[in-house]
Amino acid sequence: MKKLLVIILALCMLTLPALGETAADAVSSASVADFYGAAALTGDDLMNSINSYDGFFAIASVNPDGTPNIGFYIFSCVKLNDTYYLQLGLAPNQTTANIENGSALMAMYAPVPAGEGASTYATAGARMKLEAVTDADLIAALKEIAPQGTEMFYEITETRSLG
């Protein structure tokens, strides 16, 4: 009887990892409870805040081995035909290598809290899902309105609060 229980337990333990394997969607599942939803920046408010260069900026990508990569970068935001784009100014590094390898990109921006009675930590801002701009004509149009810098433009395809 004991041997039978041990065999059944061993079989159950072997099947548990297979039951738990699911594809992760870090964009939609990262912060299920939206504690700062009312403080999310979007549209022109987000663009103007980003372009004030008074906040925290980060770009996240995925390394070839599947591990996360996050870098502290300053970027600018422009609007063309009611669509918002980030212009990244990245020096060659692991993030740019990940971009060249087709990694998905996420950006995070949180302005420095200001004013009397302001929180001691950032609660406003946005997490942004990015899509690379590859159209040469669109890149040329964006370069005309963007600050001088790189030709690395990314459309902001989704905006969520910080958490």
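A brief report on the enclosed structure follows. Being a predicted model, the structure only gives us computed values, none of them experimental. (Residues numbered from 1 in each chain as written. Predicted model: local features only at pLDDT ≥ 70, side-chain atom pairs only at ≥ 80, totals over all residues. Heavy atoms only, no water.)

Before going further, it helps to spend a moment on the environment of Gly102. Tracing the sequence through the fold places Gly102 in the loop between α4 (94–100) and β5 (105–111). Along the sequence, Gly102 and Pro64 sit 38 residues apart, while their C-alpha atoms lie 9.8 Å from each other. (Helix = DSSP H or I, 4+ residues; strand = E, 2+ residues; numbered from the N terminus.)

Taken together, the side chains of Phe56, Phe72 and Val112 define a hydrophobic patch exposed on the protein surface, amounting to about 300 Å² of accessible area. Checked against the element boundaries, Val112 lands in the loop between β5 and β6 (126–132). Residue class for Val112 comes out partly exposed when judged on its relative accessible area of 36%. (Patch = residues over 30% accessible without salt bridge, like charges linked within 9 Å, V, L, I, M, F, W, Y side chains within 5 Å. Areas by Shrake-Rupley, 256 points an atom, 1.4 Å probe, with all protein chains shown as cover. Salt bridge = Lys/Arg side-chain N within 4 Å of Asp/Glu carboxyl O. Buried < 20%, exposed > 50% of the residue type's maximum accessible area, 1.4 Å probe, protein only.)

Turning our attention to the environment of Leu138. For Leu138, the location among the structural elements is in helix α5 (residues 136–145). Classification of Leu138 by relative accessible area gives partly exposed; the value is 24%. The contact partners of Leu138, leaving out residues within four places of it in the chain, are Leu80, Tyr85 and Val133. (Contact = heavy atoms within 4.5 Å.)

The next thing to look at is the sheet that holds β5. The 7 strands are arranged β2-β1-β5-β6-β7-β4-β3 in an open sheet whose pairing can be described as antiparallel. Two strands bound the open sheet, and with one partner strand each, they are β2 (68–71) and β3 (75–80). If you compare each strand with its neighbour and ignore which way they point, the axes differ by 35° on average. As paired strands, β3 and strand β4 (residues 83–88) are joined by 6 bridges and run antiparallel to one another. Paired with Lys79 across the two strands is Tyr84, which belongs to β4. Helix α3 (residues 43–50) contacts β1 (55–62), β3, β4, β5, β6 and β7 (152–160) of the sheet and is inclined by roughly 145° relative to β3. Contacting β3, β4 and β7, α5 runs over the sheet at an angle of about 110° to β3. (Pairing = 2+ DSSP bridges. Axes fitted to C-alpha atoms, helices over the stretch in contact; angles between N-to-C directions.)

Read these as spatial facts, not as claims about activity.
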